[in-house]
Amino acid sequence: MVAVQETVDRVRRIDVDQYRYGFETLIESEKAPKGLSEDIVRFISEKKSEPAWMLEWRLEAYRRWLTMTEPTWARVNYPKIDYQDLYYYAAPKPKKTLSSIDEIDPEILKTYEKLGIPLREVAILEGVEPPPGGEPSEQRRIAVDAVFDSVSVATTFQKELKKAGVIFMPISEAIREHPELVRKYLGSVVPTSDNFFATLNSAVFSDGSFVYVPPGVRCPMELSTYFRINERNTGQFERTLIIADKGSYVSYLEGCTAPQRDENQLHAAVVELVALDDAEIKYSTVQNWYPGNSEGKGGIYNFVTKRGECRGANSKISWTQVETGSAITWKYPSCILRGDHSRGEFYSIAISNGYQQVDSGTKMIHLGKNTSSRIISKGIAAGKSQNTYRGLVTAHRKATGARNYTACDSLLIGDKCGAHTVPYVEAKNSSATFEHEATTSKISEDVLFYCVQRGLSQEEAVGLVVNGFVKDVLQQLPMEFAVEAQKLISISLEGSVG
Amino acid sequence: MNLVLSKTDSGRAVSNVFVKANGRLPGAGSVADIRARAFEAYKRAGLPHRRIEEWKYTDLRVLMHHVLPLAPQPDAAALARARAAVAQAAVEKRAVEGAAKLVLVDGVFSPNLSDIAELGQSVNVRTLREVLDDPANEGRGDLLLTTTTDAVISLNAAMVTDGVVITVTDGTELCRPIQIVHVATTSSASSFTRSHLRLGKGVQAAVVESFVAVEGARNHQANDAVIVSVGEAANLDHLHVMVGGADATNISSGFFVLEASAKLKLFSMNCGGAVSRYQAFITLAGEGSELSANGINLVRDKQHGDTTLIVDHVVPHCTSRANFRAAVDDRGHSVFQGRIIVRPDAQKTDGRMMTRALLLSDEAEADNKPELDICADDVTCGHGAASGALDEALLFYLRARGLSEKEAQALLIQAFLGEAIEEIADRTLREFAILQAERWLGARG
């Protein structure tokens with residue numbers, strides 16, 4: 001149906017200011033010279049006081065990157081990125097050496113406050129000081145690593161985590177303090193030669209989080225990293241490495257936002273997860289980078305490689321993602337199911353509006369015996385956006401008893417958007433059992449009529465149906481995120497009826 | 001490095017093939033220009049390989065290596081062998097009973113082996129060679145053009161030697177199926193054929209294409225294209241059968257355009273050949289048109305069978321259904337790629353696609369890629385894919401009732417394939433398909 005003028009106007013109005021995190025923090029920063037060269041790679045490595053092996057690793061990646069070409073198979077269109085027109089390193093200028101959180105630039109603290117991310121441990125309880133001697137309640141505690149442009153500015157609850165033996169710190173520090181762990185695992189899931197963007201990341205990554213959970217430890221709280229792009233013309237390249245040793249458990253959350261700008265900014269991250277025997281990693285993302293304005297101007301190009309390896313028997317990796325931001329999303333959180341009886345899960349909600357383009361999905365690579373995986377993907381396309389699910393399920397010859405269930409549904413709102421499903425299902429032995437189903441539909445008029453008739457506005461009714469539609473995925477999110485995600489969904493869909 | 005080498009090698013070999021074949025290819029002037037352009041397009045791309053998305057699972061550089069030289073013009077001996085093979089096929093029930101045959105031997109139409117006279121007044125059959133060689137026919141070059149193209153289709157346009165151009169006048173109800181039979185009589189050679197089928201308004205027809213090789217013809221490569229337009233309210237039952245030699249390569253492309261209220265029942269049956277690829281491009285171009293596309297893929301040994309189906313909904317109110325089954329034994333490799341495209345204007349589209357693969361051996365491989373590509377919001381589209389082994393519980397049930405392991409398996413496989421075969425509307429065609437499937441099952445022992 002054709003949108004009435006009133007709706008069109010409303011969409012435009014909402015589209016532009018729907019992004020709540022578009023503010024910019026005015027802060028002095030230190031940048032590497034523009035462009036990419038071996039010198040820049042050396043510069044970044046030096047800034048981080050890295051050991052020689054790390055610099056070698058980066059340089060090798062850089063040299064390989066020079067020989068690679070940008071992939072074009074994804075269903076996204078964007079003008080060619082000039083990789084020499086970017087700053088590869090930007091850090092808030094430190095005023096002096098920091099010894100406590102109080103010494104962090106108040107501007108940065110304010111930024112995170114505005115984003116609703118408390119960096120003061122006491123502020124966790126909804127900003128209320130806990131009673132003297134009182135511990136914050138067990139449930140609401142989250143340790144946060146805040147990454148601002150290229151560097152980590154603060155990591156909370158360090159002390160308490162240390163007590164449990166959990167290492168949670170910026171990866172730049174981990175390279176210095178735990179070189180044996182980093183060397184062993186870095187690049188073991190996503191090798192430096194993996195793909196164009198991952199290789200670029202390997203050469204120039206500046207910061208990110210490092211997590212190591214020792215054998216048998218259940219991480220006492222949720223871990224979280226909050227990424228913020230602030231500087232103009234910078235690319236953000238963070239690297240996250242999470243290792244869950246035998247029998248351990250960790251739940252990790254990731255959030256990201258960026259200011260509203262007319263130019264496009266590049267974000268190319270790499271996330272590696274390693275789960276050893278009986279370990280479990282739960283990785284949740286709410287991706288809310290700036291999506292561009294209602295004319296499709298600006299926004300983040302999000303080219304991310306996320307991969308987890310269930311290396312040990314009975315291990316489990318679960319990805320949950322809520323994708324609402326970015327002008328372009330190119331992201332396929334995957335699981336390599338190497339250990340026998342290991343399990344991979346992927347729950348995703350991808351919402352696109354305006355001129356956003358999403359090409360996202362997962363890969364489940366079954367290598368071990370009796371491995372199982374489950375994929376639930378919900379795509380919602382509105383406005384003039386294009387939303388693609390692209391997923392691979394494959395069972396190796398020796399992966400006997402592999403099982404997969406995939407359900408990917410798409411919802412279209414409006415007649416200018418597109419939803420695409422591109423699943424690859426490869427069975428290479430007879431005991432692999434794969435099921436895949438996908439549907440595309442619009443919200444039924446009957447259902448909307450029913451809701452409206454009972455007093456809901458048209459938009460509330462759509463919100464209700466959409467929430468029901470994505471419930472399967474939201475249930476997998478940790479509580480704090482579920483609330484946030486629900487809010488995001490209603491924002492993204494505002495004004496899309498008509 | 002190897003890839004580059006093999007590309008130049010096959011490129012050079014084909015260049016020779018094209019140059020050598022030149023005197024034998026019909027059509028001068030504008031037709032020759034179109035051929036040259038098509039060949040250039042092929043040469044740029046080379047044989048499709050796994051880095052080409054549409055050919056991801058069927059890497060012809062590995063499976064075919066290179067294009068073999070064009071088969072020579074069949075002589076009397078070849079025609080006699082072809083005649084014997086056609087007669088033998090009828091005896092062995094490898095031909096559709098009662099069908100009017102149009103026979104192409106090594107890519108050349110053979111009037112003596114064909115039953116043109118039996119088709120009647122309302123069916124006009126000319127050979128492609130005739131049409132391409134007719135300078136009075138201005139639009140003859142269009143016969144070499146298709147809506148979609150890729151390297152193998154370009155190669156077909158460049159190298160095509162013959163085919164049939166069938167026109168059925170409005171309102172005709174054909175009382176017997178038309179069977180286009182491709183016979184290969186030479187070894188280590190290739191043939192390129194292209195046929196056109198134009199069905200007028202309200203026509204009812206059943207058409208079969210089949211490929212056979214005479215005894216002793218080894219390693220034959222066939223590249224065929226069929227371009228079909230189904231007129232308003234016309235009804236076509238179309239069966240594509242590949243039962244050729246065990247070392248044959250068959251690349252077939254089908255192009256179908258459906259006018260308003262037209263109905264197409266397409267069935268692809270692949271149970272032979274070392275490498276076969278059937279790619280069908282179906283455009284639902286008239287409102288109210290309906291497609292039912294089904295097929296079975298039976299592969300064993302080291303056979304490679306690929307069915308690729310692109311269903312393009314261009315206008316509103318069209319329906320498409322697709323149901324594909326594969327049974328994969330030994331080290332066979334079955335591929336199904338399907339895509340439902342819904343264009344921005346094609347509201348009220350109802351499209352569904354299902355593909356299932358049965359893996360009968362531990363070394364069998366089945367790859368499924370069912371895609372949806374939707375640009376309109378008021379539609380219902382769905383697809384499904386499943387693969388797995390025979391259900392142990394069902395096997396046990398049948399064994400408990402006294403069936404042998406093989407019998408129990410055969411019964412279950414038959415039921416599995418039957419669901420797709422049942423979709424063939426024409427009784428003769430359906431029985432023919434059932435017979436071929438049973439024969440394949442019988443050979444499992």
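Located above this text is the structure these notes cover.
It should be emphasised that the depicted structure is a prediction, and the values quoted were computed from it without experimental measurement. (Residues numbered from 1 in each chain as written. Chains lettered and ligands numbered in written order. Predicted model: local features only at pLDDT ≥ 70, side-chain atom pairs only at ≥ 80, totals over all residues.)

Visitor: Quick rundown of the overall build of chain B? Include the residues and the values.
Guide: A tally of helices and strands in chain B yields 9 helices and 19 strands. Relative to the globule expectation of 22 Å for 445 residues, the C-alpha radius of gyration of chain B, 21 Å, shows essentially globular dimensions. Its C-alpha atoms put chain B at 70 × 50 × 50 Å along the principal axes. A buried classification covers 56% of the 445 residues belonging to chain B. The contacts in chain B between residues at least 6 apart in sequence include a share of 83% that link residues at least 24 apart. (Helix = DSSP H or I, 4+ residues; strand = E, 2+ residues; numbered from the N terminus. Rg over C-alpha atoms; globule rule 2.2 N^0.38 Å. Buried ≥ 20, exposed ≤ 12 C-beta atoms within 10 Å, placed from the backbone. Contact = placed C-beta atoms within 7 Å.)

Visitor: With reference to specific residues and values, describe the overall build of chain A.
Guide: Tallying secondary structure elements over chain A gives 11 helices and 24 strands in all. With 498 residues in all, chain A has 53% of them scored as buried. In chain A, once contacts between residues fewer than 6 apart in sequence are set aside, the share between residues at least 24 apart is 84%.

Visitor: Help me get a handle on the interface of chain B and chain A, residues and values and all.
Guide: Taken together, the contacts link 34 residues of chain B with 32 residues of chain A. Contributions of two or more residues to the side of chain B that touches chain A are made by β17 (350–359), β18 (365–374) and β19 (380–388) of chain B. Sort the elements by how many residues they give to the side of chain B that touches chain A and β18 of chain B lands first, with 10 residues. A breakdown of the residues in the side of chain B that touches chain A according to their chemical character gives 16 nonpolar, 8 polar and 10 charged. Alignment of strand β23 (residues 418–427) of chain A against β18 of chain B, held across 6 bridges, turns out to be antiparallel. What sits directly across from V425 of chain A, in β18 of chain B, is N368 of chain B. (Nonpolar A, V, L, I, M, F, W, Y, C, P; charged D, E, K, R; others polar. Pairing = 2+ DSSP bridges.)

Visitor: Could you give me a rundown of the nonpolar core, with the residues and numbers involved?
Guide: In terms of nonpolar packing, the biggest core is built from 266 residues, with V204, V211 and I281 of chain A together with V183 and V230 of chain B touching the most fellow members. Dropping the residues within four chain positions of it, V211 of chain A is found in contact with I167, F168, L223, I242, I243, V250 and Y252 of chain A. (Core = buried A, V, L, I, M, F, W, Y, C linked by C-beta atoms within 7 Å.)

Visitor: Please give an account of helix α8 (residues 196–204) of chain A that cites residues and values.
Guide: The periodicity of an α-helix, 3.6 residues per turn, causes residues three or four positions apart to be oriented the same way. Burial of α8 of chain A is extensive: 8 of the 9 residues sit out of reach of the surface. Among the residues of α8 of chain A, F197, A198, T199, L200, N201, S202, A203 and V204 of chain A are the ones counted as buried.

Visitor: Could you give an account of helix α4 (residues 76–91) of chain B, naming the residues involved and the relevant values?
Guide: Residues and elements named next belong to chain B. Under the 1.5 Å per step criterion, the end-to-end length of α4 is 23 Å for 16 residues, consistent within 8% with the ideal 22 Å. Among the residues making up α4, those that are buried are A78, A82, A85 and V86. Take α4 and look down its axis: the buried residues cluster within an arc of 100 degrees, on one side only. Residues of α4 that are exposed and point over 90 degrees away from its buried face: A76, A77, A87 and V91. Looking at the buried residues of α4, the elements they touch are β1 (100–105), β5 (178–184) and β7 (204–213). Residue K93 follows α4 closely and has a positive phi angle near 60 degrees. (Expected span 1.5 Å × (residues − 1). Arc of directions from axis to C-beta.)

Visitor: Go over the packing of helix α2 (residues 38–47) of chain A against helix α3 (residues 52–66) of chain A with me, naming the residues and quoting the values.
Guide: Residues and elements named next belong to chain A. Packing of α2 against α3 brings their axes to within 10 Å, and their N-to-C directions diverge by 150 degrees. Accordingly, the angle class assigned to the pair α2 and α3 is roughly antiparallel. Note on packing geometry: the crossing formed by α2 with α3 is right-handed. Residues E38, V41, R42 and S45 of α2 lie in contact with α3, whose contacting residues are M54, L55, R58, L59 and Y62. Here the contact of α2 with α3 is built from residues that sort into 5 nonpolar, 1 polar and 3 charged. (Axes fitted to C-alpha atoms, helices over the stretch in contact; angles between N-to-C directions. Parallel < 35°, antiparallel > 145°, perpendicular 65-115°, else oblique. Left-handed = near helix turned anticlockwise from the far one by under 90°.)

Visitor: Quick one: what's the story with the environment of R61 of chain B, residue by residue and with numbers?
Guide: Within the element layout of this structure, R61 of chain B appears in helix α3 (residues 60–63). Residues R61 of chain B and H49 of chain B, spaced 12 residues apart in sequence, show a C-alpha to C-alpha distance of 5.8 Å.

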